[in-house]
Every structure is written in structure tokens, then in C-alpha cells.
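Observations on the model geometry
The primary structure of each chain is shown beneath.
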Amino acid sequence: MSEDMLDRLVEKLDLVQKVRLLSGATTWRTAGEPAIGLREMVTSDGPAGVRGEAWDERLTSALLPSASAIGALWDEGLTEELGGLLASEAVRKGVDVVLAPTLNLHRTPLGGRHFECFSEDPVLTGRTGAALIRGIQAAGVAATAKHYVANDSETGRMHVDVRASERVLREVYLAPFEAAVEAGVWLVMAGYNGVNGATMTANPLLAEPLKGDWGFDGVVVSDWGALRSTREPALAALDLAMPGPQGPWEVLLVQAVEDGHVPEAAVDEKVRRLLRLALRVGALESNRRPSAPAFGSDETRTLLRRTVAAGSVLLTNRGVLPLAPASVRKVAVIGVHAGSPRVQGGGSAGVFPARVVTPLDGIRARLDGLAQVVHVPGPGLGVPPAPLGTGWCSDPRSGKPGVLVRLLDEAGRELHAEHRLSGTQLEPPVVPAARTVEISALLRPPATGEWTFAVAGFGRMSLALGGRTVLDGEFPCTTDDPAIVHVNPPRHAVRATVDSTEPVLLTARRELVPGAGRATIVAAAPPEPDAAAALAEAVRAARDADAVIVVVGTTEHTETEGHDRGDLCLGGHQDALVRAVAAVNPRTIAVVNSGGPVELPWRDEVGAVLLTWFPGQEAGSGLADVLFGDAEPGGRLPTTWAASLADAPVTHARPVDGRLAYDDGIHIGHRAWLRTGKEPAYWFGHGLGYTGWEYEAIHAPDEAVAGSPFTVRVQVRNTGSRPGREVVQVYLARPQSTVERPARWFAGYAAVHAEPGASVIAAVRVPAHALRHWSDTEKAWRTEPGTYQIMVGRSAGDLAWEGALTLRAV
Ligand code: BGC
């Protein structure tokens, strides 16, 4: 179908029909229009997986490593394959539009959604995002570049007004979105925040550069609930208001057109874009897309396992890794995260994996029959209790593992009851007369003592144990942030003594009140072991083992949408635990399970430090591959890691009087570190493999022409005894510039594989864009002719070569 035919479809609709298409029909669906053969289109969150239309633990999804792990791949081919997997999941779940990738930047290490963004660097983020988009869209599923723009932290995210110059926006924060548009992305999501005084759903940046300069021909969709008025967003080039129904468009937009405040041509243009999307995803009668997913479960596992290894970043290695399975008879696996890893971050990106291979499972499977594996969790993490599951809870009615969810009317009569597998019920069934959600379970506590129980939600909530009320209170909703109201409401805890010999009935109730969402969570945690005794047990196990794998990490309470982090500490007694085991066993490998940077005060005391990020469902298999040398740790840091938060260039993102000034300007990430002259713990780009490399020869042009790309060819030799992959990076600098510049900036990379002893050439293409700068006075891109420095190396802080390039004007 051609563009002309889109026009003809638009002409068939009257104003009311057209406006109806511009708001969601439901939380996740766009509206359909039988008169023109248009069906509803289904959207669903990414980027770590495709949840589908329901928050239901029984509807499982493939769980990919989180975005920071994908940013660590520096591998567009593999990223594209992952995009294909997301598309396959979308097809399996009847989803047309995946709400991913997130293209915001790691401006501060405290960002709550750091795990959901690829990197600190606009070029790496743009290349990675473009690859994911290509992979998703190749299968006829739409990708969504979000959140346009400068939505880089969570504090006050619904209303914060980011202040940044046009140069800073164009060169840094808009750049990954420009790359997404170049890759042909079909949707862009306008964020909750404002930029320079206008909320993003009504911001002039939607028209320019997005739709004008860059020529974006897709749909601009609002973040969920971000539309706050009728006219301004309609005039400012927003196309689709989600969710629906009953948003600020619909009747009010019809009215605004009839009153002459919004031209009907603006509505037509939005509908045309929506129909173009329908054409692309096969939502018009004439062009249904294939309905079979491309990935089977074995292929999914293999791809995800490979990705875990490829994204793991080996920060230091004092000859400990890889561990030869034949060299160990007993391995101590230590830490709570070894048995209960954090496989994804919190918030709207969450999915329910069908399985999770824990680090302990992965290590046990690899060493099965070869060595003894001892697991000691060590001290507890001191975090709020985890939601009930199937472990020691059963449905009091059916006796099946899990919980019973009931909906009650005003008089407490049962209207609906169902068996569920989790104490997290974010979308209890909608029954019109229901006033209360009740979650109950028969607990068989594995330990006697003082347990912690918690309920989460808004409104009146109570919790009873064996018929005795232990918590009863009113918890009013004080936020409009959907990630808190619908996904992660605050938990209210109480302690109570339970006896492991006596099953006890737990009953939690939450009153349903308008405007406060329906999410209801019931959680419980056993008494924490005595920290000193747990530490001593871990030390004993470490002393007695040939190698120690200590897994530490963050929790769902630190890295989650809706909040920024307060510090970069691992929390609990985890630092003490690593130190204590490393002190008695030099073959200690610290595995860090976090989505973003954490302080590693013991990093010089351990044999190796390996980052696994939030690794998704195949966490343990991919980790075991790396630990035992079946795969190389392939990742490179997508973000500079501070030794301590106090050193970081941007240490908070707290708005002042509602404004957040991006005073750091164009100096984001490694650029900012270079400017301050401080040394981070690990630079952007850093990561070790299992072999050594020599940079033998570098051929970079002496001259180039403004506006044309050039290539730097780097010959590297694998000097070790194993095959390996090297990521060759190119940075640029312009010391004599007439405009402010970063000390140096990342311009491109190429990854090469080589067998032991072999020499290969990495060809790093530097796009013409890498040399331009935005002139705020001329409101245009400019390229200064003259001398630039080209630097080649293994990270932003480890450069092997430097040369000069003269750029000639065209
Ligand atoms: C998030 C988006 C997400 C949307 C729908 C919002 O709160 O910011 O990233 O796509 O919810 O779940």
C-alpha cells in the first residue's frame, strides 16, 4: 500500500473517528477502526523481554540481560540477534509494538533506570540502540526509542524541567535518538519530563529536530500518562496518547478542532502516521504479518547464555581466571545472590521468566562429577521482605503451592477467587463491585523466630496471621508516578514470631480506592542469621576451598524505576563478606550482580572482579561458561566506574525548584572524568579477556575532508594462548579548538577475533558526525577545519597510539 492509499484511508474517516484513533483503547492497545480495516495494535514493555498485555506471573517471557549488559557487548551483530528474539517474543504474545530501546544516558551513576539504558556515551548508545531496532523491526514488529529526551534520572521525573543548551541536547542527549531515526525506528516515546520549560509531550523538540530535520515519519507516542493537556501536545507534534480510554484527547480534541484551536490537518497528519505504523506491523486487513515466532526455547536459551558471557566484564584478574575445572576439588560459592540473583531491574520493564539459572545452579552443573560445590549465603542483605512465592506457601483452598487471590464486595462477600503463584498481584482481576483484594496463603515457615511481613499498595491495608491482625492502616496515595502506583508501591512491614512446626494462615487485604491503582503485594522474610556467625561460616568455607566465588549485588529496592539511588554501596555486610573471604583465600573471584556502578572498596584484595550486570534468565549458565573458560568474558564497560561516589563528576540528579540544570554540558561520562583530572576505578571501554594483545601497526589518515567519514586501521596480534576478541576503540580530541570541546571523545570501535599468535586488522570507521559540533549562535552543525588528534586504545584511559589528522574544509 502506498502513501496515497494512506491518504485515501484518512479521507474515509470523520473527525470523531480520526480523533478516536489518537488515544489508547486500553492500557496497552491502540484503537481499531473497522470502517477502514484497521485492527487494534498491541504495545508491550521491553527492553529486557516482552511481557505482553498482562502483569501475570503465569504468562512467562524470555528474560534478556538488562540494557547495561547489552551496552557492554560492543557487538552490533549480537545485539541485532537479541532484537530478533524480542520480535519473536512479541509475535508469540500478539504484540505489535515493543516499548524499547531506552536511549537515555548514564548521566549519573545514581540513576534508578541506569540498568535500563545502554551507556554513558551517545555514540555507543546510538550504535547499540540502532542495532536492537534493526533486529526488532526486521521481523515486522515496531520498536520504540524512548524516552525523548533528557529523561536520564528518576527524581521528580514526572515533572522535572531539564535545562540544557541546544548544543548539549544535539551533541549528547538527542544523538542516540538521531541514530534511532537513521536506523528507521517506527515510534518515538515522549517522556514525562520537560526540557527548557515545556513538557516533552508538548515540546517543540518533537517538531524540530525529530520530525523536521531528521525526517522521522513514524508515531510519537506519549509515555504512559504523560499527556497533561489537549491543545499543546496536539499542536506540538505528539501523535498518540497512551494509555486510554479517557485521556485528555478524545472529546476534548474534537472540541478543540471544532473551535478552531487545532487545525484538522494536524489531526490528519497524526492519523496518517498511525496508519503508516499499522501498515508496517500488519494491522490493516490487507497486510497481516506472520504469526509464528522465530525462536524456539532451546535457541532462546543458547542465545541468552552466549549473551551473558559476551556482556560480562572482567575488571581485574590476578591470574585466577579462568578456573580449570581439573584444578579444583572443592569450590565455595558464597553470597545470597549466588542462590537468589537479581536477574532484572525493577519497574515497567519487568517480565516473568519461565526459569532462572542461578549462579549456584550454573556452577554446580559445570562441576558436576568433577568437584564439590559448597554454598554459604553469608549474612543477610537487610532488605525488605520478598513477595510470597511457591516455596513455603500454599493456597489455603486448593493446597497448591502459591496463594489464593479473592475479590470481596463491600460486605466482605466473595465475588471472585483464583489460585496464583505469587504474592505480587499488580493487576488483580477487574470485578466491578469489588471493594477489597485479599491475598492469603498457608505458610509453612522454614525457620522459627521473628519474621518480617509486609504489604504494599495504597488505601487501607491489613495483615493477619492465624486470624490475629498484626498490621492495619491507611496508606494514602501521594504520587502520580505509574511506576510506583501500579508497579512498585511502598512496602509497610511488621515483625511477628512464627513457629516452623505450625502452619499459619496469612491474610492480607487491600481496599480498592479510585485513583490509587490496584497493585497489591504481600511479602515475608525469615529472621536474618546473626551476621558475625554467618560471616564466620563463610570464612570457614572459603579457607577450606580451592577457589571461592563470592557473588554480591544490589537489590530490587536500590535499582528500580521511579527512584534514584542514594549511594553506590552494595549494602548489607557484602563488602565485609568479600574482604573476609579474600583474606583467607587468594583465589577469590568477586562476581558483581548489579545493573549499574557500585563501589568496590575491596577490588585490590581479590583475585578477580567480574561484572555480570542483571544477566537475565540464563545468569548462571553464562557465568559458569566464563568462570571455567568455556567462553571469554567479552564485555567492555559502557560506563566509567567511580572508586567512590564522591569522585563521580555528577553525584546527584536532584532538581532545584523543579529544574535540573545539566551544568556538566557536553562533558558526560569519561569526558567529565578527563575534565576533572580524577582517576576513576575503571574507564569507559575497559574490560579484560583471557588472552593478550599487541597493537602492532596503526594506519590512520593524515588528512580528511569535512563531512566525509574516514577509517582507522589497527593491526592487533593475539599474543596469548587462547582465541580471543579485542575491541579496538578510537577517540578524538581538538586541543586548539575555537569552541569548547571534551578533553577527548569516543568516536568509534571495531571488534576483531583472532586465534593465538594470529594478527588481524580492526577497521574502525569514524563517521563525519564525530567531528562536527553544534553552533548555538548559528543554530546549525559546523565542522572546524584544522588539526584533530586521533587516539587508539583499549579504553578511554588506556591509549596505545596517538596521531594527527588535518581536516580540510569542503
Ligand atoms: C515508563 C515507560 C513504559 C511505560 C509503560 C512508564 O512509566 O516510563 O518506559 O514504557 O510506563 O509501562
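Residues numbered from 1 in each chain as written. Predicted model: local features only at pLDDT ≥ 70, side-chain atom pairs only at ≥ 80, totals over all residues. Heavy atoms only, no water.

A word on the pattern of salt bridges. Counting across every chain of the model gives 57 salt bridges. Across the pair Arg 272 and Glu 269 runs a salt bridge whose closest N-O atoms are separated by 2.6 Å. Of this pair, Arg 272 and Glu 269 are both found in helix α11 (residues 264-281), three residues apart, which corresponds to roughly one turn of the helix. Classification of Glu 269 as partly exposed rests on a relative accessible area of 28%. (Salt bridge = Lys/Arg side-chain N within 4 Å of Asp/Glu carboxyl O. Helix = DSSP H or I, 4+ residues; strand = E, 2+ residues; numbered from the N terminus. Buried < 20%, exposed > 50% of the residue type's maximum accessible area, 1.4 Å probe, protein only.)

Assignment of secondary structure puts Ala 534 in helix α16 (residues 531-543). Between the alpha carbons of Ala 534 and Gly 46 there is a distance of 38 Å; along the sequence they are 488 residues apart. Contacts of Ala 534, omitting those with residues within four sequence positions, involve Gly 378, Pro 379 and Pro 529. (Contact = heavy atoms within 4.5 Å.)

Between its first and last C-alpha atoms helix α12 (residues 297-311) spans 21 Å; for 15 residues at 1.5 Å apiece the expected length is 21 Å, and the two agree. Among the residues making up α12, those that are buried are Thr 300, Leu 303, Leu 304, Thr 307, Val 308, Ala 309, Ala 310 and Gly 311. At its buried positions, α12 is contacted by α3 (67-71), α4 (76-92), β9 (313-317) and α18 (619-627). (Expected span 1.5 Å × (residues − 1).)

Taken together, the three strands give an open sheet; going across it, the order is β28-β30-β33, and neighbouring strands pair in antiparallel fashion. Each edge of the sheet is formed by a strand with only one pairing partner; in this case those strands are β28 (693-699) and β33 (759-766). Within the sheet, the average angular offset between the axes of one strand and its neighbour, ignoring direction, is 25°. Where β28 lies against strand β30 (residues 710-718), six bridges are found, and the strand directions are antiparallel. Across the sheet, the residue bridging to His 699 is Arg 713, located in β30. (Pairing = 2+ DSSP bridges. Axes fitted to C-alpha atoms, helices over the stretch in contact; angles between N-to-C directions.)

Where α12 contacts α18, the axes come no closer than 8 Å and their chain directions differ by 50°. For the element pair α12 / α18, the angle class is oblique. When the axes of α12 and α18 are compared, the crossing they make is right-handed. Seen from α12, the contacting residues are Arg 305, Val 308 and Ala 309; seen from α18, they are Ala 619, Ser 621, Gly 622, Leu 623, Asp 625 and Val 626. Split into classes, the residues belonging to the contact of α12 with α18 amount to five nonpolar, two polar and two charged. (Parallel < 35°, antiparallel > 145°, perpendicular 65-115°, else oblique. Left-handed = near helix turned anticlockwise from the far one by under 90°. Nonpolar A, V, L, I, M, F, W, Y, C, P; charged D, E, K, R; others polar.)

Right, let's talk about empty space enclosed by the protein for a bit. The final tally for this structure, using the stated rule, is seven cavities of 30 Å³ or more. Considered as a void within the structure, the largest cavity measures approximately 140 Å³ in volume. Lining the largest cavity are 19 residues; nearest its centre among them are His 106, Arg 107, Pro 109, Pro 649 and Trp 673. Looking at the lining of the largest cavity, its residues break down into nine nonpolar, seven polar and three charged. Counting contributing residues, the lining of the largest cavity receives three or more from each of domain 1 (3-281) and domain 2 (304-375 + 530-661). Reported here for the second largest cavity is a volume of approximately 90 Å³. Among the residues making up the lining of the second largest cavity, the classes are represented as two nonpolar, 10 polar and four charged. (1 Å grid on protein atoms, 1.4 Å probe; cavity = no way out; pocket = protein on both sides within 12 Å on 5 of 7 lines; lining within 4 Å. Points joined across faces, edges and corners; volume = space filled by probe spheres on them. Domains from an automatic or database assignment.)

Among the six residues that make up strand β25 (residues 588-593), six are buried, leaving the element largely enclosed by the rest of the structure. Here β25 shows no split at all, with Thr 588, Ala 590 and Val 592 on one side and Ile 589, Val 591 and Asn 593 on the other all buried. Bridge count between strand β24 (residues 547-553) and β25: six bridges; the pairing is parallel. Along β25, the bridge assignment pairs Val 548 with Thr 588. Read from β24 through helix α17 (residues 574-584) to β25, the crossover connection turns out right-handed. Alignment of β25 against strand β26 (residues 608-611), held across four bridges, turns out to be parallel. (Right-handed = clockwise from strand over helix to strand, strands pointing away.)

Ordered in space as β7-β6-β4-β27, the four strands form an open sheet in which the pairing is mixed. Each edge of the open sheet is held by one strand with a lone partner, namely β7 (198-199) and β27 (659-661). Relative to β27, strand β4 (residues 161-163) is paired through three bridges, and the arrangement is parallel. By the bridge assignment for β27, Arg 163 is matched with Ala 661.

With the rule as written, the count across this model stands at 16 aromatic pairs. Between Trp 55 and Phe 352, the ring centres sit 6.4 Å apart and the planes meet at 85°, which makes this aromatic pair edge-to-face. Of this pair, Trp 55 sits in the loop between β1 (43-45) and α3 while Phe 352 sits in the loop between α13 (336-339) and α14 (359-367); the two residues are 297 residues apart in sequence, bridging distant segments of the chain. Of the two residues examined, Trp 55 and Phe 352, each falls in the buried class. Aromatic rings pair up to connect Trp 74, Phe 684, Tyr 731, Phe 746 and Tyr 749 into one cluster. A cation over a ring is seen here: Arg 51 above Trp 55, with NZ or CZ 3.6 Å from the ring centre. Here Arg 772 stacks its cationic end above the ring of Trp 781, 3.4 Å away from the centre of that ring. (Phe/Tyr/Trp six-rings, centres within 6.5 Å; stacked < 30°, edge-to-face > 60°. Lys NZ or Arg CZ within 6 Å of the ring centre and 35° of its normal.)

Inspection of the region around the ligand gives 13 residues, with Asp 45, Arg 113, His 147, Tyr 192 and Asp 223 positioned closest. Asp 223 places a side-chain nitrogen or oxygen 2.7 Å from an oxygen atom of the ligand. Glu 561 places a polar side-chain atom, nitrogen or oxygen, 3.1 Å from an oxygen atom of the ligand. Burial of the ligand by the protein chains amounts to 96% of its free accessible area of 310 Å². If you map the ligand onto the pockets, it falls in the second largest pocket. Grouping the amino acids of the shell around the ligand by side-chain chemistry returns five nonpolar, two polar and six charged. (Near = heavy atom within 4 Å. Polar contact = N/O pair within 3.5 Å; in protein donor to acceptor, adjacent residues only side chain to side chain. Areas by Shrake-Rupley, 256 points an atom, 1.4 Å probe, with all protein chains shown as cover. Sits in = over half its atoms within 2 Å of the grid points.)

We now examine the side chain of Lys 18. Turning to its location among the elements, Lys 18 is positioned in helix α2 (residues 15-20). Within the structure, the side chain of Lys 18 is placed 2.8 Å from the side chain of Glu 264, a separation counted as a polar contact. Here Lys 18 is in contact with Val 10, Leu 13, Glu 264, Val 267, Asp 268 and Val 271, once residues within four sequence places are set aside.

Where burial is concerned, most of strand β19 (residues 459-465) is hidden: six out of the seven residues are buried. Taken together, the seven bridges between β19 and strand β20 (residues 468-475) define a ladder with antiparallel strand orientation. In the sheet register, Ala 464 faces β20, and the bridge partner there is Thr 469. Joining the antiparallel neighbours β19 and β20 is a turn of two residues, in which Gly 466 adopts a positive phi near 55°.

Turning our eyes to something else, we now look at the packing of helix α5 (residues 122-137) against helix α7 (residues 175-182). It is the contact of α5 with α7, at a shortest axis distance of 8 Å, that shows an interaxial angle of 30°. When the interaxial angle is binned, α5 and α7 end up roughly parallel. Crossing hand, α5 versus α7: right-handed. Counted together, Pro 122, Thr 125, Gly 126, Ala 130 and Ile 133 of α5 and Ala 175, Pro 176, Ala 179 and Ala 180 of α7 form the full contact between these two elements. The residue makeup of the contact of α5 with α7, split by class, is seven nonpolar, two polar and no charged.

Bringing the domain arrangement of the protein into the picture now. Each domain of the protein was delimited in the assignment, giving domain 1 (3-281), domain 2 (304-375 + 530-661), domain 3 (386-525) and domain 4 (691-808). Just the C-alpha atoms count here: the centres of domain 1 and domain 4 sit 33 Å apart. At the interface, 15 residues of domain 1 touch 17 residues of domain 4. The junction of domain 1 with domain 4 conceals about 1,400 Å² of combined surface from both sides, 49% of it contributed by carbon and sulfur atoms. The tally of links from domain 1 across to domain 4 stands at three salt bridges. Here Asp 75 makes a salt bridge to Arg 725, at a shortest N to O gap of 4.0 Å. Counting the contacts that link domain 1 with domain 4 gives nine residue pairs in polar contact (both at pLDDT 80 or more). Mapped onto the side of domain 1 that touches domain 4, the elements with two or more residues apiece are α5, α6 (166-173) and α7. Of the residues forming the side of domain 1 that touches domain 4, the biggest block, four residues, is contributed by α6. (Buried area = accessible area lost by both parts, 1.4 Å probe.)

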